[in-house]
Amino acid sequence: MSDRRAARRAEQLREEINGHDYRYYVLDEPAVPDAEYDRLMKELREIESAHPELVTADSPTQRVSGVASPGFAEVRHVIPMLSLNNGFTEEDLADFDRKVRERLESEGPIDYSATPKLDGLAISVLFRDGVYTRAATRGDGVTGEDVTANVATIRSVPRKLRGRPPAVLEVRGEVFLPYAGFEKMNRDAVARGDKQYVNPRNAASGSLRQLDPKITAQRPLDLNFYELGVVEGGAVPERHSELAGWLNSLGLRTGNENRRVRGVEGCLEYYRDIGARRLKLPFQIDGVVYKVDRRADQEKLGFVSRAPRWALAHKYPADEEMTLLEGVVFNVGRTGALTPAAKLKPVFVGGVTVSNATLHNMDEVARKGFRIGDTVVVRRAGDVIPEVVRYLPEKRPEDSREILMPANCPVCGSPVTRLEDQAVYKCTGGVLKCRAQRAEWIMHFAGRRALDIEGLGEKLIEQLVADETVTSPADLFDIDAKSLAERERMGEKSAQNVVDAITKSKKTTLPRLLYALGIPQVGESTAMALAQQFGTVEKLGVASPALIEETPDVGPIVARSVYEFFQSDLAQSVVARLKASGVTYEPISTEGRESLPLAGLAFVITGTLAGIQREPAEDALRELGAKVSGSVSKKTSYLVVGADAGSKRAKAQQLGVPILDEAALEMILKTKRPPPPA
Ligand code: IVH
């Protein structure tokens, strides 16, 4: 790059970064994802290191980001609150370790103290003679804001330390908002008609920096300590890995994921371990921090500009990125529902390249205000389906376009209607006209929880439906291996495997078969209830709506839907042909279920369970006679919550439904008894 261009670009970057800092630190309203901010900083640092004469004293690279906002008294940090250098790859880590070893002239591997990198805001808390005296935000690293009254409202911050603390003890740590508290805050915000917070860190920052500590007190903030500031009149541990135990003994929280590790290998093992559990942790982290364990070594290593040489923040791949919303397509589901999906300019996020993301429904699109052409923030956390979170108003182009529901089905051309009072738009073609609905129907029929036909995947089903080899589930049983093998990308062996799997699926159970038929409104639990009530498809097929309604937990709407399904010519022919093809199910014993230990109880499971997978847990509960459903209602007997439980927990609390944790669930499954009354 020419000197002139480098100078111009550096100036541009500084201006942009300063703008982002202002929005992030002062307004608590970040404009861009962290990953984008990191890139801008990296580019500026690279330009400055290639052209050192361009470095200005006020460049964002020369200071710790942040500013103290007016309204709070200023606090000067006697020991500046600095930042951490970031590493993203194993090479970055190896580089860091090599430099540490060189500077320490160490022969063997280095001991590091490793901790999760909480994504909150840094805070300094001062205790004099063991008494809580003052708390301050980081601010620009040298001058922070006095938030003594606010931090005092955080329950895990003691008023008085235990044991024998030094006369002056300044501890530093991270104020954060656990996910559960964050979700609650956003639910409350929605209820009040206020704007939601973008992420837990923002919500934490906004909560702490309230001029009225009464507001802070209502926010479920937490604090973990990880570092020391000024200490006078007392000895401190020689190793960082002993710091946590020492702070705990004084009554200060440090979190319980701190470990001492050895060398690069040890660091990586820790990084992977935390990474695997990252999304199950009750709080947001964006990486792990390694610190040279010996305090004496830390002192030898010292600092450069804004960060210590003895520490590294090893970040996980960003789970939020920005990209372009290039278009919207509408997918047609089994019941004809049209759901909008974003076509994105491919972007690497959460460890994979994403080019499609769900937009949920048109109400959501309207609420979020997306338009085609927008620059949007895409989020992909763990294995969760990628989502478009928000758009950046300042990047909206002049020619952005509104997202419109088409008047006709994009697949079959039938008119699209909106169901009254619902966010759902539907293709009116039905499975007879609409190829997309047909394919979804077959997919559902072959699915794991239905007839479980292995090897009959989406691609193959789409082909079979497209050339009309298959127009209903019954056609599957007429497929022969020879004609299947003649297809593209199908070997003889895999064709035979598919046919074998289809044959094997003929032996099934009545609940599976009823579920597989894809009767509108009939999920797994209803299929189970209907199977128990009627015992055969034939009996259900001729039942009147009134008779169907006698099934436990089946109301008039579901009863009518079941009745209408079996009245249709299509259903009747499918059922007859399935039977003729040899689809059979074990006779179901309808007696004796009332005497099962969990008979009459209805369970809902939400959130991630750590020990047992959700589906086997649900099956085990059903086997004990319980009903298991997906949504909490007045009829729910118990809600079982795992990690990251969201709105269902709130609903249960509202309705007074008892809440069980995973341990209680395990106990039920082990003892085969309902939980004892609370
Ligand atoms: S130590 C001199 N330790 O990350 C070292 N910081 O990027 C300065 N953070 O401002 C900080 N977990 O808000 C340290 N275990 C940890 C941390 C941590 C999270 C945050 C903190 C800091 C930022 C630096």
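Here is what the cut-offs are and how they apply
- Residues numbered from 1 in each chain as written.
- Predicted model: local features only at pLDDT ≥ 70, side-chain atom pairs only at ≥ 80, totals over all residues.
- Heavy atoms only, no water.
- Helix = DSSP H or I, 4+ residues; strand = E, 2+ residues; numbered from the N terminus.
- Buried < 20%, exposed > 50% of the residue type's maximum accessible area, 1.4 Å probe, protein only.
- Contact = heavy atoms within 4.5 Å.
- Lys, Arg positive; Asp, Glu negative; His and termini not counted.
- Charge placed at Lys NZ, Arg CZ, Asp CG, Glu CD.
- Pairing = 2+ DSSP bridges.
- Near = heavy atom within 4 Å.
- Polar contact = N/O pair within 3.5 Å; in protein donor to acceptor, adjacent residues only side chain to side chain.
- Areas by Shrake-Rupley, 256 points an atom, 1.4 Å probe, with all protein chains shown as cover.
- Axes fitted to C-alpha atoms, helices over the stretch in contact; angles between N-to-C directions.
- Core = buried A, V, L, I, M, F, W, Y, C linked by side-chain atoms within 4.5 Å.
- Salt bridge = Lys/Arg side-chain N within 4 Å of Asp/Glu carboxyl O.
- Arc of directions from axis to C-beta.
- Phe/Tyr/Trp six-rings, centres within 6.5 Å; stacked < 30°, edge-to-face > 60°.

Engineer: Can you break down the overall build of the protein chain residue by residue, with the values?
Structural biologist: Each helix and strand in the protein chain was counted, giving 25 helices and 26 strands. In terms of principal-axis extent, the alpha carbons of the protein chain reach across some 85 × 65 × 55 Å. A buried classification covers 49% of the 678 residues belonging to the protein chain. A fraction of 67% describes how many contacts in the protein chain between residues 6 or more apart in sequence connect residues 24 or more apart. Charge separation in the protein chain, taken as the distance between the mean sites of 93 positive and 96 negative side-chain charges, equals 3 Å.

Engineer: Break down the pairing of strand β3 (residues 111-118) for me, with residues and values.
Structural biologist: β3 sits mainly inside the fold: 8 of its 8 residues count as buried. Pairing between β3 and strand β9 (residues 259-262): 4 bridges, direction antiparallel. Bridge pairing links S113 to R260 in β9. Here β3 runs beside strand β10 (residues 285-292); their pairing, made up of 7 bridges, is antiparallel. Its bridge partner lying in β10, T115 is registered against V289.

Engineer: Talk me through the site of the ligand; I want residue IDs and the actual numbers.
Structural biologist: Taken together, 13 residues lie near the ligand, and T115, R138, E174, Y226 and K291 sit nearest. K117 places a polar side-chain atom, nitrogen or oxygen, 3.2 Å from an oxygen atom of the ligand. For the ligand, an oxygen atom lies 2.6 Å from a polar atom in the side chain of E174. When the ligand sits alone it has 520 Å² of accessible area, and the protein chains cover 89% of it. Elements with a minimum of two residues in the shell around the ligand: β3 and β10. Tallying contributions element by element places β3 first for the shell around the ligand, with 3 residues.

Engineer: Quick one: what's the story with the sheet that holds strand β25 (residues 638-641), residue by residue and with numbers?
Structural biologist: Strand order in the open sheet formed by 4 strands is β24-β23-β25-β26, with parallel pairing between adjacent strands. Two strands in the sheet have a free side with no partner beyond their single neighbour: β24 (627-629) and β26 (659-660). Those strands touched by helix α23 (residues 614-623) are β23 (602-606) and β24, and its axis lies near 170° from that of β23. Lying on the sheet, helix α24 (residues 647-655) is in contact with β23, β25 and β26; it crosses β25 at an angle near 150°.

Engineer: Please provide a residue-by-residue account of the nonpolar core, values included.
Structural biologist: Judged by nonpolar contacts, the single largest core of 56 residues is most densely connected at L514 and F566. Top contributing element to this core by residue count: helix α13 (residues 435-446), with 6 residues. Counting residues in hydrophobic clusters, the runner-up holds 31 residues, among them V157, V171, L228 and L250.

Engineer: Describe the sheet that holds strand β4 (residues 121-128), listing the residues and the values that go with them.
Structural biologist: The pairing of strands in a sheet comes from backbone hydrogen bonds and takes either a parallel or an antiparallel form. Read from one edge of the open sheet, 4 strands run β5-β4-β7-β8, paired in antiparallel fashion. Since the sheet does not close on itself, it has two edges, and those belong to β5 (131-137) and β8 (222-232), each with one partner. On average, each strand axis in the sheet is inclined to that of its neighbour by 25°, with strand direction left out of account. Taken together, the 8 bridges between β4 and strand β7 (residues 168-176) define a ladder with antiparallel strand orientation.

Engineer: Talk me through unusual backbone geometry; I want residue IDs and the actual numbers.
Structural biologist: A positive phi is found at H360, a non-glycine position, where the angle reads about 65°. For H360, the position within the fold is in the loop between β16 (352-358) and α11 (362-368). One non-glycine residue, Q521, adopts positive backbone phi at about 80°. Relative accessible area serves as the criterion here: at 52%, Q521 is assigned to the exposed category.

Engineer: Now, about the pattern of salt bridges: what can you tell me, with residues and values included?
Structural biologist: Counted by the stated rule, this structure contains 46 salt bridges. For E90, the salt bridge is made with R272, and the minimal N-O distance between the two is 3.3 Å. Linking E90 in helix α3 (residues 90-104) with R272 in helix α9 (residues 263-277), this pair joins segments that are 182 residues apart in sequence. Taking the relative accessible area as the measure of exposure, E90 reaches 43% and is therefore partly exposed. Accessibility expressed as a relative area gives 47% for R272, which makes it partly exposed. D293 is the partner of R260 in a salt bridge, and the nearest nitrogen-oxygen pair spans 3.8 Å. In this pair, R260 sits in strand β9 while D293 sits in the loop between β10 and α10 (295-301), placing the two residues 33 residues apart along the sequence. Here R260 falls in the partly exposed class, since its relative accessible area comes to 48%. Classification of D293 as buried rests on a relative accessible area of 0%. One network of salt bridges, with partners in common, ties together R448, R449, E524, E615, D619 and R622.

Engineer: Lay out helix α14 (residues 458-466) in plain terms, naming residues and giving numbers.
Structural biologist: Within α14, the full set of buried residues consists of L460, I461, L464 and V465. Looking straight down α14, one finds that the buried residues subtend no more than 130° of arc, so they occupy a single side. The secondary structure elements touched by the buried residues of α14 are α13, α15 (481-485) and α16 (492-504). One or two positions beyond α14, positive phi appears at E468, with a value near 60°.

Engineer: I'd like a rundown of the side chain of S124, residues and numbers included.
Structural biologist: Residue placement: S124 occurs in strand β4. A polar atom in the side chain of S124 sits 2.7 Å from the side chain of E170. Excluding anything up to four places from it in sequence, S124 contacts H77, M81, R134, A135, A136, E170, V171 and R172.

Engineer: Pulling in residues and values, what's your account of the pairing of strand β15 (residues 337-349)?
Structural biologist: Strand direction decides the pairing type here: strand β14 (residues 320-332) and β15, joined by 7 bridges, are antiparallel. When the sheet's bridge partners are listed, L325 is paired in β15 with L344. Once β14 ends, the chain turns through 4 residues before running back antiparallel as β15, passing G336 with a positive phi of about 95°. Pairing between β15 and strand β20 (residues 425-427): 2 bridges, direction antiparallel. Within β20, the position partnered with A337 by the bridge is K426. Looking at chain direction, β15 and β16 are connected through 6 bridges and run antiparallel. For A342, the partnering residue across the bridge sits in β16 and is A357. Two successive antiparallel strands, β15 and β16, enclose a turn made up of 2 residues, where G350 displays a positive phi of approximately 60°.

Engineer: Could you give me a rundown of the packing of aromatic side chains, with the residues and numbers involved?
Structural biologist: For the coordinates displayed, the defined rule picks out 9 aromatic pairs. Ring plane angle 40° and centroid distance 5.8 Å describe the contact between F96 and Y112, whose orientation is recorded as tilted. Placement of F96 in helix α3 and of Y112 in strand β3 is noted, with a sequence separation of 16 residues between them. For Y112, a relative accessible area of 1% puts it in the buried group. A centroid spacing of 6.5 Å and a plane angle of 75° characterise the contact between F370 and Y391, whose relative ring orientation is edge-to-face. One end of the pair, F370, is in the loop between α11 and β17 (375-379); the other, Y391, is in strand β18 (residues 387-391), with 21 residues separating them in the sequence. By relative accessible area, which is 5% here, F370 ends up buried.

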